[in-house]
Amino acid sequence: MNILRILDKLSDDKFFTTEFSRGEAMKTLAKTGTKAAMVAIPVGAGLMSTSAKANTTATVESGSVFKSALTDALQLALTLEYLEDEYYRIGLNTAGLIASSDLVVFQQISKHEAAHVNFLKTALTSLGVTPATKPTFDFTANGNFSPFTDYNQFLTLAQAFEDTGVRAYKGQAGNVMSNPTILQAALQIHSVEARHASQVRRMRSNKGWIELNNGGNMPAATNPVYAGEENTNQAGFNTASLFGPEAGSAAYDEILSGTDATAIASLFIV
Amino acid sequence: MKTKKTFSSYIAVKENFTHSFLVFQYQIIILLLKLKKSLKIIIMKKTISISNQGATLDTSRRNFLKLSGIGLALAGLTFVGCEEGVVVDSGIFDLGQGDVGILNYAYALEQLEADFYTKVVNNFYSGISTVEKQVLTDLYHHEVVHRDFFKAAISGATTHVLPKLEFQYPNVDWNNRNSVLATAKALEDTGVAAYNGAGKYIKTPDYLVIAGKIVSVEARHASAIRDLINPGSAAFSGDDIIDANGLDVAKEPSEIVPVAAGFIKTPFTWKEQGIG
């Protein structure tokens, strides 16, 4: 750990969140236990008080806004994880549904979704917020699907849930970036969802990535999951210019807004 | 620049640095006046050695050795300069500070991946299946798009753009399926861990979103490559990379760069992250 980095951390990161009081920041630093960190504390405290003075009003006010944006994002993530967790659990508990050669894949995915539920609950609790309770799910979406009697439909919805998860986490990046620890954990979950999505897509004879807004042999009801994925303009760069729009769009996964992700999840919530 | 330095010694180093830098600047001015013509040549030569323009992966053994030699010599200079707290204009590119540094870091990794798959698709290993050919071709497309995107995006934001890097693959047998897929797996998993670990250093929300759009595609790649190696198993998101909390790997730049450096011939530093 480099001194400049410690100073930078003290002056920037911690002040974006109300979760880290000054005392906690000290404790965190003290825990690192390196000589450099200890020496840096008085200097860091100086920097902190300066920026605290300068930003007192802004920090207090925007702090609560940041915190609610942060915990709202985690609550949304928890809802999506509840959905995936229950979906795979029911699937695995339904005798004869999942092809025996695919069991190991879904056991692995299910294990991760269960861990994500626990992790997010713990994260919310540690931020002083009560985790949302598990909704009641209807995976038939009012009788439109029969995933637990038709394995192809089970795979179809699994793909839709995983591709949605990837986009939904990405859509919350801006809301969790105020807290570096949470941001990193969210990214670590996000890439696991992407690994799942790729695997399930490939089990359905699709490519692991999404070309244009074509989900790949998916029912029209899942169109909102793929809407916007055809984008080939990234910060003004035309990603289709090199190898065409299929490769250009597939090279980037698009975000889903919280509203759009909630709308998709709501189809399966009673 | 290591953790053991106390703050007072840091200040001393900084003062020393400022003093040395002024002396250095003064010397440069004198030099400029006296040796205007020859210095220009030196600077031009340095520029060539940084960008390695014109040199390709097919460089002869002699060129390769020559380039490596320059790289090592310059790397040595920077290291000494850093330890002494004196900046030596060694001609080695530093990735930069703040978001520029992160973007150049991502650009370096995307250059590596793009270069690797370019070699793969130009010389597919024998006995490659249709599915494997399709996957590797798509990965080649995506990584080249990522690479060129970063070049354009960074060039639009700053003049401090990482030059084109030179690569080497001493342990890759291009005609061997296991060797190529194992390297692809390592590169994709490394890419995921790198983006996951660098996200928290990004200050501009738009850049974070872009990184997020790319990292999930890297994870999709990693999953597919892992499944090509161990079909139908749990390897696509195996216990070797996903922990008990269901979290993928996240690595600090200081952990990633030394590993990637095994493939990268062109030296660079990233002082803000304590690298070089």
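Residues numbered from 1 in each chain as written. Chains lettered and ligands numbered in written order. Predicted model: local features only at pLDDT ≥ 70, side-chain atom pairs only at ≥ 80, totals over all residues. Heavy atoms only, no water.

Student: Which residues make up the overall build of chain B, and what values do they have?
Tutor: When helices and strands are tallied, chain B shows eight helices and two strands. The N-to-C order of helical and strand elements in chain B reads α-α-α-β-α-α-α-α-α-β. Out of the 276 residues belonging to chain B, those deemed buried represent 47%. Here the contacts in chain B between residues at least 6 apart in sequence split such that 77% fall between residues at least 24 apart. On chain B, roughly 13200 Å² of surface is accessible, and the fraction owed to carbon and sulfur atoms is 61%. (Helix = DSSP H or I, 4+ residues; strand = E, 2+ residues; numbered from the N terminus. Buried < 20%, exposed > 50% of the residue type's maximum accessible area, 1.4 Å probe, protein only. Contact = heavy atoms within 4.5 Å. Areas by Shrake-Rupley, 256 points an atom, 1.4 Å probe, with all protein chains shown as cover.)

Student: Could you give me a rundown of unusual backbone geometry, with the residues and numbers involved?
Tutor: Residue and element names in this part refer to chain A. Within the chain, Ala141 stands out as a residue other than glycine whose phi angle is a positive 45°. Structurally, Ala141 can be placed in the loop between α5 (103–126) and α6 (151–171). Using a relative accessible area of 9% as the deciding quantity, one classes Ala141 as buried. Residues other than glycine seldom take positive phi values, yet Ser205 does so here, at roughly 65°. Examined against the element boundaries, Ser205 turns out to sit in the loop between α8 (180–203) and α9 (223–226).

Student: With reference to specific residues and values, describe the pattern of salt bridges.
Tutor: Summed over the entire model, instances satisfying the criterion amount to 18 salt bridges over all chains. Residue A:Glu229 pairs with A:Arg167 through a salt bridge whose shortest N-O separation is 3.4 Å. A residue pair is termed long-range when its members are at least 10 positions apart, and A:Glu229 in the loop between α9 and β1 (233–234) and A:Arg167 in helix α6 qualify at 62 residues. For the pair A:Glu229 and A:Arg167, a shared accessibility class is recorded, and that class is buried. Between B:Arg147 and B:Asp148 there is a salt bridge; the shortest N-O distance is 3.0 Å. Using a relative accessible area of 24% as the deciding quantity, one classes B:Arg147 as partly exposed. Linked by salt bridges that have partners in common, A:Arg195, B:Asp189, B:Arg226, B:Asp240 and B:Asp248 make up one network. (Salt bridge = Lys/Arg side-chain N within 4 Å of Asp/Glu carboxyl O.)

Student: Let's hear about the interface of chain B and chain A: which residues, and what values?
Tutor: Often, the extent of an interface is quoted as the loss of accessible area on bringing the components together. The partner chain A presents 62 residues to the 70 residues of chain B that form the contact. Between chain B and chain A, a total of about 5500 Å² is buried, with carbon and sulfur atoms accounting for 63% of that surface. For B:Asp239, the salt bridge goes to A:Lys111, with nearest N and O atoms at 2.9 Å. Those elements giving two or more residues to the side of chain B that touches chain A turn out to be α1 (7–34), α5 (130–157), α6 (177–198) and α7 (205–229) of chain B. If you tally residues by element for the side of chain B that touches chain A, the top one is α7(B), at 19 residues. Partitioned by chemical class, the residues of the side of chain B that touches chain A number 33 nonpolar, 22 polar and 15 charged. (Buried area = accessible area lost by both parts, 1.4 Å probe. Nonpolar A, V, L, I, M, F, W, Y, C, P; charged D, E, K, R; others polar.)

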